[in-house]
Amino acid sequence: MDTAERTVIDPAHYREVMGHYPTGVAVVTGTVDGEPVGMVVGTFSSVSIDPPLVAFMPQVGSRTWDRLAGADALCVNVLAHDQLALCRTMAVSKPDKFDDVAWSPSATGAPVLADAVAHVHCRTASVMEAGDHWIVLCAVDAMEVTRPATPLLFFQGGYGGFSPTGMAARGDGDLIAAVRLGDRARTQVERLATSLGCEAAALVAVSPDELTTAVSAYGGTATMVEPLGQRIPLIPPIGEAYVAGAAPDVVERWLAKVTPHDPELVACYRKRLDTVAANGVALSMVGPGARADYDRMHDALAEYASGELTPARERAVRSVLAQTRHFFDDVEVLPDETYDVGAVVVPVHGPDGRVAMVLRATQLPTGVPGRVVTGWIDRVRTAARCVERDLATGGGADRASDYRAWYEADFPM
Ligand SMILES: Cc1cc2nc3c(=O)[nH]c(=O)nc-3n(C[C@H](O)[C@H](O)[C@H](O)COP(=O)(O)O)c2cc1C
């Protein structure tokens, strides 16, 4: 370009503006004179699908690129969120930086870094001069996702991770408030677990997108499957007992996540919320043949709780959850029929009339007659009313009437 026409941009201003655009972090590796060589680039980019081409941009004068340019084959290693130390090791200019790094040679001989998200095996097709950088265009020989984890990101001179917008922003501050609120239900949760022989828990919202297990207790043969503080996504049909009595914006936010987002399905969920709100309980059933589906749902919830979901895994988790819908169909409980109940969930309202938390009984005895199920529902409801009274009186609930309610529930006249 003619220098007379060139706009002058202050380099600091260029960096400041471009720093607002985040990049991934990759390590380009190759073998030169039998030695592994590598450099960190934030400029790795896809270029063409057909033919498959990628590119990255080494700085003119980069000593590492000067060596790497002599490699027959290259491997672009996309770093994962937990590979910051590796990034720092690879970003220095010294010859022995592979000494403490786990790697193996690719089929074409380039170093493949262990635990990277993806590997793109390529060779240099052309190198173009572009101001103070080179544009290195590479033809792709092979590529694979080795570890579907979230990537390491670089933004405004700092490192970070990726947090999908569909999932909640995670922070532990909300957890503390949730645990304090949930603690108000502790006595009732413990009694429920013992008297029903189940896992009982109080779940409290930590964001518009998540509940958390704030208190739990185990009775009968129930075992710990969901640790305290586990995050439970408000993704249909999960969380219906909480959403049914929540503010309209929470309801709409939940319905917006119905997968697939077809109006008839959304209408079904809306109807189910109405039924749950009217009955004051969400009952989910597990038929004898549906155990495997139920286990799949639990695995999906555990994967969600791990907090390291990529958008692709998030879509997979959502689709598994959407397939669990049949557990949540309305069922009329008949006294002499036999049931396998997945969960009994009852909302607890705060003094403002909004749902403050839900009480949930799971891991209940299976194959029980409907009249027993009805008894469980009554007990969870009674427990919820006790917690509501406690919340309404700021902790100074009428203990005697609580006790009487429990006595009557446990020993019906
Ligand atoms: C996040 C990050 C991104 C980088 N991106 C590039 C890049 O795209 N091009 C480049 O030439 N150097 C880039 N570098 C610098 C090189 O990784 C490395 O520091 C440099 O190659 C070492 O100096 P040398 O090449 O002179 O040996 C980046 C460094 C970091 C930490």
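Predicted model only: the values in this text are computed from it and were never measured.

Observations concerning the sheet that holds strand E11 (residues 153-155)
Overall, antiparallel pairing links the 3 strands, which are arranged E1-E11-E12 in an open sheet. Lying at the two open borders of the sheet, with one neighbouring strand each, are strand E1 (23-24) and strand E12 (158-160).

Quick notes on the environment of Leu113
Relative to the assigned elements, Leu113 resides in strand E8 (residues 111-113). Judged by its relative accessible area of 0%, Leu113 falls in the buried class. In this structure, the C-alpha to C-alpha distance between Leu113 and Thr338, residues 225 residues apart in sequence, is 56 Å.

Quick word on helix H11 (residues 370-392)
For H11, built from 23 residues, the straight-helix expectation of 33 Å at 1.5 Å per residue is met to within 8% by its first-to-last C-alpha distance of 33 Å. Taken from the residues just after H11, Gly394 is the one with a positive phi, measuring 60 degrees.

Quick look at the packing of aromatic side chains
In the structure shown here, the tally under the stated rule is 4 aromatic pairs. Their ring planes at 80 degrees and their centres at 5.9 Å tell us that Phe98 and Trp103 sit as a pair that is edge-to-face.

Brief notes about the sheet that holds strand E13 (residues 199-207)
Strands sit in the order E15-E14-E13-E19-E18-E16 across an open sheet of 6 strands; the sheet is antiparallel. Taken across any chain shown, the strands that pair with only one partner, and hence form the sheet edges, are strand E15 (231-233) and strand E16 (282-285). Along the sheet, successive strands turn relative to each other by an average axial angle of 30 degrees, direction set aside. Taken together, the 7 bridges between strand E18 (residues 341-349) and strand E19 (residues 355-362) define a ladder with antiparallel strand orientation. Among the inter-strand pairings, His349 is bridged to a residue of E19, identified as Val355.

Concerning a nonpolar patch on the surface
Side chains of Ile9, Tyr14, Val17 and Met18 sit close together on the surface and give an oily, nonpolar patch of about 400 Å² of accessible area. Within the fold, Val17 resides in helix H1 (residues 11-18). Note on Val17: relative accessible area 43%, which makes it partly exposed.

Observations regarding the site of the ligand
Taken together, 15 residues are adjacent to the ligand, and Val40, Ser62, Thr64, Ala91 and Ser93 come closest. Gly42 is positioned such that a nitrogen or oxygen atom in its backbone is 2.8 Å from a nitrogen atom of the ligand. At 2.6 Å from an oxygen atom of the ligand is found a side-chain nitrogen or oxygen belonging to Ser93. Secondary-structure elements contributing two or more residues to the shell around the ligand are strand E3 (35-41) and helix H2 (63-68). No other element matches the 3 residues that E3 contributes to the shell around the ligand.

Regarding the packing of helix H7 (residues 248-255) against helix H8 (residues 263-279)
Running from N to C, H7 and H8 point in directions that differ by 140 degrees, and their axes come no closer than 10 Å. One way to sum up the angle between H7 and H8 is to call them oblique. For the element pair H7 and H8, the recorded crossing hand is right-handed. In this structure, H7 uses Val251, Glu252, Trp254 and Leu255 to contact H8, whose residues at the interface are Val266, Tyr269, Arg270 and Leu273.

Regarding the UniProt feature "domain: Flavin reductase like" (unreviewed entry) in the protein
UniProt marks residues 18-161 with the feature "domain: Flavin reductase like" (unreviewed entry), using the numbering shown here. Helix makes up 10% of residues 18-161 and strand 47%, with an end-to-end C-alpha separation of 19 Å.

Some points on unusual backbone geometry
With an omega of 0 degrees, the peptide bond running from Asp50 to Pro51 counts as cis. Within the secondary structure, Pro51 is located in the loop between strand E4 (45-48) and strand E5 (53-56). Phi is positive for Asp115, which is not a glycine, with a value near 70 degrees.

Rules of the game
Residues numbered from 1 in each chain as written. Predicted model: local features only at pLDDT ≥ 70, side-chain atom pairs only at ≥ 80, totals over all residues. Heavy atoms only, no water. Pairing = 2+ DSSP bridges. Helix = DSSP H or I, 4+ residues; strand = E, 2+ residues; numbered from the N terminus. Buried < 20%, exposed > 50% of the residue type's maximum accessible area, 1.4 Å probe, protein only. Expected span 1.5 Å × (residues − 1). Phe/Tyr/Trp six-rings, centres within 6.5 Å; stacked < 30°, edge-to-face > 60°. Axes fitted to C-alpha atoms, helices over the stretch in contact; angles between N-to-C directions. Patch = residues over 30% accessible without salt bridge, like charges linked within 9 Å, V, L, I, M, F, W, Y side chains within 5 Å. Areas by Shrake-Rupley, 256 points an atom, 1.4 Å probe, with all protein chains shown as cover. Salt bridge = Lys/Arg side-chain N within 4 Å of Asp/Glu carboxyl O. Near = heavy atom within 4 Å. Polar contact = N/O pair within 3.5 Å; in protein donor to acceptor, adjacent residues only side chain to side chain. Parallel < 35°, antiparallel > 145°, perpendicular 65-115°, else oblique. Left-handed = near helix turned anticlockwise from the far one by under 90°. Contact = heavy atoms within 4.5 Å. UniProt positions renumbered as here; feature names shortened; annotations may be inferred.

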